[in-house]
Amino acid sequence: MRKITTRLLPVLLLLICFSQAQAKTLVYCSEGSPEGFAPALYTAGTTFDASSRTVFEGLTHFIRGTTEIEPGMAESWEVSADGKSYTFKLRKGVKFHSAKHFKPSRNMNADDVIFTFERQWKKEHPFYAVSGGNYEYFNGMSMPDLLNSIEKVDDYTVKFNLNRPEAPMLANLAMDFAVIQSAEYADKMLKAGTPEKVDQWPIGTGPFVFEGYKKDAQIRYTAFTNYWKGKAPIDKLVFAITPDASVRYAKLKAGECQVMPYPNPADLAAMKADPKINLMQKEGLNVGYLAYNTLTKPFDDVRVRKALNHAINKSAIIDTVFQGAGKPAKNPIPPTIWSYNDATVDDAFDLATAKKLLAEAGFPNGFETKIWAMPVQRPYNPNARRMAEVIQADWAKVGVKAEIVSYEWGEYLKRSKDKDRDGAVLLGWTGDNGDPDNFLAVLLGCDAVGGANRAQWCNQEFEALIQKAKVVADPKERTKLYEQAQIVFKEQAPWATIAHSMVFEPLSKDVVNYKIDPLGGHIFYGVDLK
Amino acid sequence: MLNFFLKRIGVVIPTFIGVTLLTFSLIRLIPGDPVELMAGERGIDPARHAQLLAEMGLDKPLLVQYWNYLVGIFHGDMGTSLVTREPVVKEFFTLFPATLELGLCAIIIAVLIGLPAGIIAAVRRGKVTDYTVMGMSLTGYSMPIFWWGLLLILLFSVRLGWTPVSGRISEMFWVDEVTGSMLVDAFLSDEKGALLSTLHHLILPAIVLATIPLAVIARMTRSAMLEVLREDYVLVARAKGLAMPLVICVHALRNALIPVITVIGLQVGVLMAGAILTETIFSWPGIGKWLLDSIRRRDYPSVQGGILLVSCLVILVNLTVDLFYGVVNPRIRHNR
């Protein structure tokens, strides 16, 4: 026996050493520090990458690389005939992560689902005010108005009763704010007098276990061996926080990280030429637009809006501002979203038509106005000032003299919402959940006038279509309604739709099976290293 | 002597109050609303906007806000970050060791190179060495830190592969925080190679941060030395036949050091300003980068608290230098 042990021991040690040497670590050069680790409390994509997309999971999921919904913590669901109640059958045997300060005694169940939503919803809930208690996404998606009650039917069945039918409900539940938190963990931390620990040290059911965060430097995860879909191919995941895009690129080139987000547009050509880098690209789920204030003169006249749309050379914008990495937009939703109406006809760049329409509207010699240029770079608009200059030059050709104005970003967002705002505003949007409602109702609905509806446009025909599409369950019927809404939008032209940008993601060639998330996230489950 | 100390400390109090007023008002002079920034393009319901402003205490008149801020300071409470909801003091002291470590290394480099360079330039006045040292120090002083940092990264990290691009330690190591100084923590940890990795990561950012103070120290040392070298006692020492190195190090340098020490003290402020850019380029998790992020997000309590704490540090160092100056040079304390 002793002999066997003596002979086996070196072999075992060798095996252990071998397995350790084989541990696959993927380093992701993330662009910033997370605000925290409770996705319900925050709004930044950086925070979601570090929490909801690694540690947690929702009742429903977006299939990786798409905006289609698949079952997550809910194995299946039923929607009542009136569309006002959703019954979710929860997946059995789903385990929560363990940490030094918490060992779960049970699997995920209905109590966790109820805790997750009631925490954000009910002011009397013991966790409502913990860590500041700002649930901007939950409120922004109108969940308090929408939810009537959440019932626990049994340990693995939860029923959501709504005040009105809401067709995008399943997509809403796949969003980051709706990931399932552990009620048992919360309870334990509350009893220990450290409830905020729940938001600082995340315990979820997702593919990666949180191991630690060094502020502004590094976040570490290990693959969850008991993950219900199976352990991730990589063993460790490290977020190396690197705010500067040039430095991220230098780290990627030096092999210090394998994936980086948000490259500088100026570096794209060099990245494409680099044999060690795989520059992935995909059409972004976004739209960049110029919103006229339809409540004020002269933009209250559809002929003026149409004329100005005809006077914008979008191809020049794609070349000069997007450096080719974009696509002219004709609809308010991107082509990657279902119900995109390809049959609509864009307002072609045609100065003669523009002049004719302006003359018909009573402005044969043009007029003076303002173009608002954002002070920041966004995925849907990499250089708003340059874009404004191109539009300014185009409009000058039809006699419209535009002055370019800009404000600090917070101020810009605030002032651009004013109903009596002067001029046309450059802005854009990146979708949250892949549902057309998330573009059309949020940005063009009557409720959003004075808010995210920068065109201050409230058209009853359009409104009726999008409101109907919100309550109809049949996807085909919804598609038709949204297609119709896009035709109305095009006729009324509250915006000049400018472009949909491409999203770029440079990776090391050692990375396999990475997919660009159309919703802007960075998801590492399923990713492997050669 | 006591009178001199009390007078010096007395000057600090109005400076401190001035700093609180400046930090409070300057961040509010920058247009921008933290709630709007948080909400982004989506926007926020006006009622919810008002509610959040009230929760953050930003709905009160400015004087009331300032008073609350002062009361908080005297209770050791700098407020809570509007973004992370963490106490500002906790955030500051979590990140401060990283800045301190970088700053100390930078000042050591600046003194170790700047001082001898200045002495050599003074001794070889008007010769090639002098012009070289002065030319290089002028270039260093005028160098935009951001550009200089990126240039060094591209050369030493990307092209030559000698140093890592950024961070405090390789992503392969996870060193438990004991003192906050990565050098000490890496030394104490069981992880093999952690200390070497830390040193490796420290080289470039320390050189970049040291560049401006080095240039200033070299120039200051040179001019102070030139003045001292003209003094009669130096001539006497040389006439006595003392060896030149001895004259320079013992007789000249000791007297030339007084203004140089003051300049080194003043460099603490320069280092803090430089740290903002250096930490951003090298993804160094210190207070410089944190302050910049806080300004961008209009995180008023973090900006106010952070700048106040940094200012206190600068005031403290300058006070110490001032007092030390008085101790070593009796003429100064008697003149006051």
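Here the structure is shown first, and the text comes after it.
Here is a short report on the structure shown in this document. Not measured: the values here are computed from a predicted model.

1. Examining the overall build of chain A
Scanning chain A from N- to C-terminus turns up 18 helices and 19 strands. Relative to the globule expectation of 24 Å for 530 residues, the C-alpha radius of gyration of chain A, 26 Å, shows essentially globular dimensions. When its C-alpha atoms are laid out on the principal axes, chain A stretches across 100 × 55 × 40 Å. For chain A, the proportion of its 530 residues judged to be buried stands at 59%.

2. Topic: the packing of helix α9 (residues 194-229) of chain B against helix α11 (residues 244-281) of chain B
All names here are of chain B. At a closest axis distance of 8 Å, the pairing of α9 and α11 adopts a crossing angle of 150°. Between α9 and α11, the angle falls in the class roughly antiparallel. For the pair α9 and α11, the sense of crossing is right-handed. Tallied by class, residues from the contact of α9 with α11 come to 23 nonpolar, 6 polar and no charged.

3. A few points about the state of the cysteines
Residue and element names in this part refer to chain A. Following the criterion strictly, the structure yields 2 disulfides over all chains and no others. Between the sulfur atoms of Cys29 and its disulfide mate Cys257 the distance is 2.3 Å. Torsion about the S-S bond of the Cys29 and Cys257 cystine: about -110°, corresponding to left-handed handedness. Highlighted residues: Cys29 in strand β1 (residues 25-30) and Cys257 in the loop between α9 (245-253) and α10 (268-273), separated in sequence by 228 residues. By relative accessible area, Cys29 is classed as buried at 0%.

4. Considerations on a nonpolar patch on the surface
Together, Leu100(B), Leu104(B), Ile108(B), Leu112(B) and Ile113(B) line one region of the surface with nonpolar side chains, adding up to about 470 Å² of accessible area. Of note, Leu112(B) is situated in helix α5 (residues 88-123).

5. Brief notes about the interface of chain B and chain A
Tallying the contact residues gives 47 residues for chain B and 54 residues for chain A. Between chain B and chain A, a total of about 4100 Å² is buried, with carbon and sulfur atoms accounting for 53% of that surface. Three residues stand out in chain B for area buried against chain A, namely Glu41(B), Arg42(B) and Trp174(B), and they jointly supply 23% of the buried area on that side. At the junction of chain B with chain A, the criterion picks out 6 salt bridges. Note that Lys215(A) is salt-bridged to Glu91(B), the shortest N-O span being 3.4 Å. At the boundary of chain B with chain A, the tally comes to 12 residue pairs in polar contact (both at pLDDT 80 or more). Elements that contribute at least two residues to the side of chain B that touches chain A include exactly α2 (34-39), α3 (46-55), α5, α7 (145-159), α11 and α12 (287-296) of chain B.

6. Regarding the packing of aromatic side chains
Residues and elements named next belong to chain A. Across all of its chains, the model carries 40 aromatic pairs over all chains by this definition. With a centroid separation of 6.1 Å and 75° between ring planes, the pair formed by Phe138 and Phe177 is classed as edge-to-face. With Phe138 in helix α4 (residues 136-140) and Phe177 in the loop between α6 (169-173) and α7 (183-191), the pair connects residues that are 39 residues apart, well separated along the chain. Across the pair, Phe177 and Phe138 agree in class, each one buried. Ring centres of Tyr514 and Phe524 lie 5.9 Å apart, and the angle between their planes is 45°; on these two criteria the pair is classed as tilted. Here the residue Tyr514 occupies a position in the loop between β18 (511-512) and β19 (528-529), and Phe524 occupies one in the loop between β18 and β19, the gap between them amounting to 10 residues. For the residue pair Tyr514 and Phe524, the accessibility class agrees, reading buried in each case.

7. Quick word on the pairing of strand β10 (residues 236-241) of chain A
Both faces of the sheet carry side chains from a regular strand, because those side chains alternate between them. Residues and elements named next belong to chain A. Counting buried residues in β10 gives 5 out of 6 residues, a clear majority hidden from the surface. As paired elements, strand β9 (residues 218-223) and β10 share 5 bridges and run antiparallel to each other. Its bridge partner lying in β10, Gln218 is registered against Ala240.

8. Some remarks on the sheet that holds strand β7 (residues 157-162) of chain A
Residues and elements named next belong to chain A. The strand order across the open sheet formed by 4 strands is β4-β5-β7-β6, and the pairing between neighbours is antiparallel. For this open sheet the edge positions go to β4 (74-79) and β6 (147-154), each flanked by a neighbour on one side alone. Within this sheet the neighbouring strands show an average axis-to-axis angle of 20°, counted without direction. In the sheet, β6 pairs with β7 via 6 bridges, with the strands oriented antiparallel.

9. As for α5(B)
Residues lying three or four places apart along an α-helix face the same way, a consequence of the helix completing one turn every 3.6 residues. The end-to-end C-alpha separation of α5(B) is 49 Å, in line with the 52 Å expected for 36 residues at 1.5 Å each. At Phe96(B), α5(B) is deflected by roughly 35°, the largest bend along its length, and proline Pro97(B) occurs up to four residues later in sequence.

10. Comments concerning the nonpolar core
Residue and element names in this part refer to chain A. Counting residues in hydrophobic clusters, the biggest one holds 76 residues, and the most contacted among them are Leu290, Ile391, Trp395 and Leu426. Apart from residues lying up to four places away in sequence, Trp395 is in contact with Leu290, Tyr292, Leu308, Ala311, Ile312, Thr369, Ile371, Val400, Ala402 and Ala424. Counting residues in hydrophobic clusters, the runner-up holds 49 residues, among them Tyr128, Tyr137, Met169 and Ala186.

Parameters at a glance
Residues numbered from 1 in each chain as written. Chains lettered and ligands numbered in written order. Predicted model: local features only at pLDDT ≥ 70, side-chain atom pairs only at ≥ 80, totals over all residues. Heavy atoms only, no water. Helix = DSSP H or I, 4+ residues; strand = E, 2+ residues; numbered from the N terminus. Rg over C-alpha atoms; globule rule 2.2 N^0.38 Å. Buried < 20%, exposed > 50% of the residue type's maximum accessible area, 1.4 Å probe, protein only. Axes fitted to C-alpha atoms, helices over the stretch in contact; angles between N-to-C directions. Parallel < 35°, antiparallel > 145°, perpendicular 65-115°, else oblique. Left-handed = near helix turned anticlockwise from the far one by under 90°. Nonpolar A, V, L, I, M, F, W, Y, C, P; charged D, E, K, R; others polar. Disulfide = S-S within 2.5 Å. Patch = residues over 30% accessible without salt bridge, like charges linked within 9 Å, V, L, I, M, F, W, Y side chains within 5 Å. Areas by Shrake-Rupley, 256 points an atom, 1.4 Å probe, with all protein chains shown as cover. Salt bridge = Lys/Arg side-chain N within 4 Å of Asp/Glu carboxyl O. Contact = heavy atoms within 4.5 Å. Buried area = accessible area lost by both parts, 1.4 Å probe. Polar contact = N/O pair within 3.5 Å; in protein donor to acceptor, adjacent residues only side chain to side chain. Phe/Tyr/Trp six-rings, centres within 6.5 Å; stacked < 30°, edge-to-face > 60°. Pairing = 2+ DSSP bridges. Expected span 1.5 Å × (residues − 1). Bend = angle between axes of the 7 residues up to and from the residue. Core = buried A, V, L, I, M, F, W, Y, C linked by side-chain atoms within 4.5 Å.

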